[in-house]
Amino acid sequence: MSLYDRLDLTRPDRKKRKQYQKLQVNDSKQVPIWERIDLTRPAKPKCQICRQKVQSSWRVCPNCGWRLEQKQAQRHCIWVQVGNLEMSPAQWKIWSGIIADAFAKVFNAFRSVNVFLTTDQPDVREWGEDFTQVFVIAEEKSADYLGIASFIPTQVTKIAVVRIDLIYNASYLADLNLSQLSNLLANTITHEIGHTLGLNHSDLPTDVMHDGLDHRVHSLIPPSFHVEQIIIMNHAIAKHKKL
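Read on for a plain summary of the structure. (Residues numbered from 1 in each chain as written. Predicted model: local features only at pLDDT ≥ 70, side-chain atom pairs only at ≥ 80, totals over all residues. Heavy atoms only, no water.)

1. Side note on the overall build of the protein chain
Here's step 1: Within the protein chain, the secondary structure is distributed over nine helices and five strands.
Here's step 2: In sequence order, the protein chain lays out its α and β elements as α-α-α-β-α-β-α-β-β-β-α-α-α-α.
Here's step 3: Here the protein chain holds 243 residues, and the buried ones make up 37% of them.
Here's step 4: The contacts in the protein chain between residues at least 6 apart in sequence include a share of 66% that link residues at least 24 apart.
Here's step 5: Only carbon and sulfur atoms are counted for the fraction: they give 52% of the accessible area of the protein chain, which is about 15800 Å². (Helix = DSSP H or I, 4+ residues; strand = E, 2+ residues; numbered from the N terminus. Buried < 20%, exposed > 50% of the residue type's maximum accessible area, 1.4 Å probe, protein only. Contact = heavy atoms within 4.5 Å. Areas by Shrake-Rupley, 256 points an atom, 1.4 Å probe, with all protein chains shown as cover.)

Below, the structure written as structure tokens:
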């Protein structure tokens, strides 16, 4: 008997199909192969953000950096506090808009990182004392940095400080507009948070983790991370949560 005859690849007519439907389920030898084997191709997974095709084993989309894990990973809380800003109501109206715009850019930069970013005091019942504090402040003391943070490579640390007054002075001397000031503030905050999540400095001038943010570059672009940095931060958080 030929292979063609043994596989029974001929399609039955409608009358015979009704007979096949009456067959018992365990009598598979009499059921044609196209009814015993599911030949439909499985849908290829795609990134929810950029819609590019991805592999099921990938953790992060290489195109846009979106986190692809199916299971909800544990997040690390980061509390960004704005304080010690003495200004008139008119000045605060302008600055509140700048700060809100900068925070939106910061939150977007961390969209694929397992963090819970908040400007409100973390709920003790949920986070206890396990969170990172980022202070956005103004002081009379001069300094040669826009921000500073605790840092241990590939580990989570607990504190960072951003000097909003020095960022304003730099933007004033460089004659930046409000949008550029917002970008510079967002890049500075993102840079320091990156340090608290284990990221080291980068040699690439356009990188948010470049050693010494340049207002000529980082005032023109909002902050963002590349895939390798996202993986490092998520690994640091996962390791921290296991401790």
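Still more to cover.
2. Here's the deal with the packing of helix α6 (residues 164–173) against helix α7 (residues 178–196)
Here's step 1: Two elements in contact, α6 and α7, have axes whose closest approach is 10 Å; the angle formed by their N-to-C orientations is 140°. Comparing the axis directions of α6 and α7 gives the class oblique. As α6 runs across α7, the sense of the crossing is right-handed. Along its contact with α6, which presents I164, I167, Y168 and S171, the element α7 presents L181, L184, L185 and T188.
Here's step 2: For the contact of α6 with α7, the class distribution of residues is six nonpolar, two polar and no charged. (Axes fitted to C-alpha atoms, helices over the stretch in contact; angles between N-to-C directions. Parallel < 35°, antiparallel > 145°, perpendicular 65-115°, else oblique. Left-handed = near helix turned anticlockwise from the far one by under 90°. Nonpolar A, V, L, I, M, F, W, Y, C, P; charged D, E, K, R; others polar.)

3. Quick look at the side chain of T196
Here's step 1: Looking at the secondary structure, you find T196 in helix α7.
Here's step 2: Taking relative accessible area as the criterion, T196 reaches 0% and is therefore assigned buried.
Here's step 3: What T196 contacts, discounting residues up to four positions off in sequence, is T132, A149, S150, Q155, V156, T157, I159 and A160.

4. Some details on the pairing of strand β5 (residues 159–163)
Each regular strand displays side chains that alternate between the two surfaces of the sheet.
Here's step 1: Pairing of strand β3 (residues 131–137) with β5 involves five bridges; the strand directions are parallel. Each bridged residue has a counterpart across the sheet, and for V136 the counterpart in β5 is V162.
Here's step 2: Pairing of strand β4 (residues 147–149) with β5, which is carried by three bridges, proceeds in the antiparallel orientation. Counterpart to G147 in the pairing with β5 is V162. (Pairing = 2+ DSSP bridges.)

5. Thoughts on helix α9 (residues 227–242)
Here's step 1: Taking 1.5 Å as the rise per residue, α9 with 16 residues should run 22 Å; its terminal C-alpha atoms sit 23 Å apart, in good agreement.
Here's step 2: Regarding α9, the residues found buried are Q229, I230, M233, N234, A236, I237 and H240. End-on view of α9: buried residues confined to an arc of 155°, all on one side of the axis. When the buried face of α9 is taken as reference, the exposed residues oriented beyond 90 degrees from it are E228 and K242.
Here's step 3: Structurally, α9 contributes buried residues whose contacts are with β1 (76–82), β2 (115–118) and α7. (Expected span 1.5 Å × (residues − 1). Arc of directions from axis to C-beta.)

6. Overview of a positive patch on the surface
Here's step 1: Together, K44, K46, R51 and K53 make up a positively charged patch on the protein surface.
Here's step 2: Looking at the element boundaries, K44 is found in the loop between α3 (33–36) and β1. (Patch = residues over 30% accessible without salt bridge, like charges linked within 9 Å, V, L, I, M, F, W, Y side chains within 5 Å. Salt bridge = Lys/Arg side-chain N within 4 Å of Asp/Glu carboxyl O. Lys, Arg positive; Asp, Glu negative; His and termini not counted. Charge placed at Lys NZ, Arg CZ, Asp CG, Glu CD.)

7. Focus: the sheet that holds β4
Here's step 1: Taking strand neighbours across the sheet as the criterion, the five strands line up as β2-β1-β3-β5-β4 in an open arrangement whose pairing is mixed. A strand with exactly one partner marks an edge of an open sheet, and here the two such strands are β2 and β4. Ignoring strand direction, the axes of neighbouring strands in this sheet form an average angle of 15°.
Here's step 2: Relative to β5, α6 is tilted by about 40°, and along the sheet it contacts β3 and β5.
Here's step 3: Sitting on the sheet, α7 is in contact with β1, β2, β3, β4 and β5, with an inclination near 160° to β5.

8. Concerning the side chain of H195
Here's step 1: When you line up the elements, H195 lands in helix α7.
Here's step 2: H195 sits in the buried class, given a relative accessible area of 7%.
Here's step 3: Side chain to side chain, H195 and H201 meet in a polar contact 3.1 Å long.
Here's step 4: Non-local contacts of H195, meaning those with residues more than four positions away in its chain, are made with A149, S150, F151, T157, N200, H201 and M209. (Polar contact = N/O pair within 3.5 Å; in protein donor to acceptor, adjacent residues only side chain to side chain.)

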